[in-house]
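For reference, the chains in residue letters:
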Amino acid sequence: MYNSLGLQDCFNYIGMEVYLFHDYSMLIVLFILVGVMLSVLVILGSGNYMVKGYRSSEFLELTWTVVPGFLLMSLGVPSLFLMYYMEGAVKYDLTVKAVGHQWYWSYEIGDYGTGIEFDSYMVGLDDLVSGDYRLLNVDNSLVLPYLTKIRVLVGSGDVLHAWALPSMGIKADACPGRLNVLSLGVCRPGSMYGQCSEICGVNHSFMPIHVEWVSWEDFLMNHAA
Ligand code: CUA
């Protein structure tokens with residue numbers, strides 16, 4: 001988790017696609033950077049600054065229109081595909097409501113007669129036990145079943161917050177008076193952390209998100225009415 005140069009390992013297909021798209025766009029950016037640097041070097045090295053040779057050039061104008069246009073297309077098309085993929089499906093197996101407050105999250109799950117409703121506060125520095133992550137562990141974690149299509153409705157009770165899970169490639173603003181939808185679907189059990197990602201006041205840094213992924217059996221055993 002710490003000391004990592006890349007993005008976090010992802011738990012879901014969306015996250016993996018986001019990671020791949022990040023690497024791919026970095027590759028193109030690098031390609032442009034190297035191209036520009038090379039031509040600058042060539043122009044400076046040649047000493048005559050090349051413009052002397054040109055009054056007008058249709059080939060040059062065509063090239064510097066078509067090539068950047070193609071580069072933009074090659075970034076935009078996969079980006080749009082990814083956006084629609086992140087939007088998710090129409091039907092879900094489980095709906096979770098995450099509501100931001102100053103400064104904690106509260107969660108609601110009403111499906112399957114679970115009637116879950118609780119607040120999730122950061123564990124204070126004095127209450128940390130060995131092995132906890134400082135500023136990331138919470139007193140009540142969100143426990144969800146893996147291999148499930150989950151819809152998260154993100155809202156706010158007061159000001160703007162943002163519900164984010166980096167290892168899912170997911171982030172959504174929590175706005176008062178409206179709901180944003182996220183699609184979660186995790187391939188393996190585990191535990192992941194996130195933080196509020198919209199400046200929301202003095203304790204903005206102290207309203208982390210912790211989600212634990214368990215099997216359906218464990219989920220229902222713990223929660224079903
Ligand atoms: Cu809530 Cu920042």
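Everything numeric here is computed off the predicted structure, so don't read it as measured data.

Q: Mind laying out the sheet that holds strand β1 (residues 94–101), listing which residues take part and the relevant values?
A: Picture the strands of a sheet paired through backbone hydrogen bonds; they go either parallel or antiparallel. Ordered in space as β3-β2-β1-β5-β8, the 5 strands form an open sheet in which the pairing is mixed. Looking along the sheet, the strands with just one partner apiece sit at the ends: β3 (116–120) and β8 (180–184). Ignoring strand direction, the axes of neighbouring strands in this sheet form an average angle of 20 degrees.

Q: Pulling in residues and values, what's your account of the sheet that holds strand β4 (residues 142–145)?
A: Strand order in the open sheet formed by 3 strands is β4-β10-β9, and the pairing between neighbours is mixed. This sheet does not close on itself; its edge strands, each paired only once, are β4 and β9 (190–194). Neighbouring strand axes in the sheet, compared pairwise and without regard to direction, differ in orientation by 25 degrees on average. Pairing of β9 with strand β10 (residues 209–214) involves 5 bridges; the strand directions are antiparallel. Residue pairing in the sheet places Met192 in a bridge with Val211 of β10.

Q: Outline helix α2 (residues 58–87), supporting the account with residue identities and numerical values.
A: In this model α2 runs 43 Å from its N-terminal to its C-terminal C-alpha over 30 residues, within 8% of the 44 Å that 1.5 Å per residue would give. Three or more residues of α2 are buried, namely Leu71, Ser74 and Leu82. Tucked inside the fold, the buried residues of α2 contact α1 (13–46). Positive phi appears at Gly88, one or two residues downstream of α2, with a value of about 85 degrees.

Q: So what about the environment of Trp163? Which residues, and what values?
A: Locating Trp163 in the fold gives a position in strand β6 (residues 161–165). Here Trp163 falls in the buried class, since its relative accessible area comes to 0%. Sequence separation between Trp163 and Val90 is 73 residues, and the spatial gap between their C-alpha atoms is 21 Å. Polar side-chain contacts of Trp163 include one of 3.1 Å to the side chain of Tyr107.

Q: Outline a negative patch on the surface, supporting the account with residue identities and numerical values.
A: A contiguous patch of negative charge, built from Glu108, Glu117, Asp119 and Asp139, is present on the exposed surface. Tracing the backbone through its elements, the reader meets Asp119 in strand β3.

Q: How would you explain the environment of Trp213 if you had to name every residue and give the values?
A: With respect to the element layout, Trp213 can be found in strand β10. Measuring from C-alpha to C-alpha, the distance between Trp213 and Pro189 comes to 4.8 Å, with 24 residues separating the pair along the chain. Dropping the residues within four chain positions of it, Trp213 is found in contact with Leu144, Pro145, Tyr146, Ile150, Met168, Leu184, Val186, Arg188, Pro189, Gly190 and Met192.

Conventions used here
Starting afresh in each chain, residues are numbered from 1 along the sequence in its written order. Totals for whole chains, interfaces and linings use every residue, but because this is a predicted model, local features are given only for residues with pLDDT of at least 70 and side-chain atom pairs only at 80 or more, for both listing and counting. Excluding hydrogens and water, the side-chain values take into account all heavy atoms of the structure. Should DSSP find at least two bridges between two strands, the strands are regarded as paired. Helix and strand labels come from DSSP, where a helix needs a run of H or I of at least four residues and a strand needs a run of E of at least two; each type is numbered from the N terminus. To get an axis, a line is fitted to the C-alpha atoms, and for a helix only the part in contact is used. The angle between two axes follows their N-to-C directions and goes from 0 to 180 degrees. Expected helix span is taken as 1.5 Å per residue step, with the number of steps being one fewer than the number of residues. A simple rule labels every residue: compare its accessible area, found with a 1.4 Å probe on the protein chains alone, to the largest value its type can have, and call it buried under 20%, exposed over 50%, or partly exposed in between. By the convention used here, residues are in contact when the closest approach between their heavy atoms is within 4.5 Å. Distance and chemistry together define a polar contact, namely a pair of N or O atoms within 3.5 Å, with one atom able to donate a hydrogen and the other to accept it when in protein, and with adjacent residues in sequence counting only for side-chain atoms on both sides. Patch membership requires more than 30% relative accessible area and the absence of a salt bridge. Residues of like charge join within 9 Å; the nonpolar side chains Val, Leu, Ile, Met, Phe, Trp and Tyr join within 5 Å. In short, Shrake-Rupley with a 1.4 Å probe defines the accessible areas, and a residue's cover is counted only from the protein chains shown. Each reported salt bridge corresponds to a side-chain nitrogen of Lys or Arg within 4 Å of a carboxyl oxygen of Asp or Glu. We treat Lys and Arg as the positive residues and Asp and Glu as the negative residues; His and chain ends play no part in the count. In this description, the location of a charge corresponds to atom NZ of lysine, CZ of arginine, CG of aspartate or CD of glutamate.

Any functional reading would require information that these geometric values do not contain.
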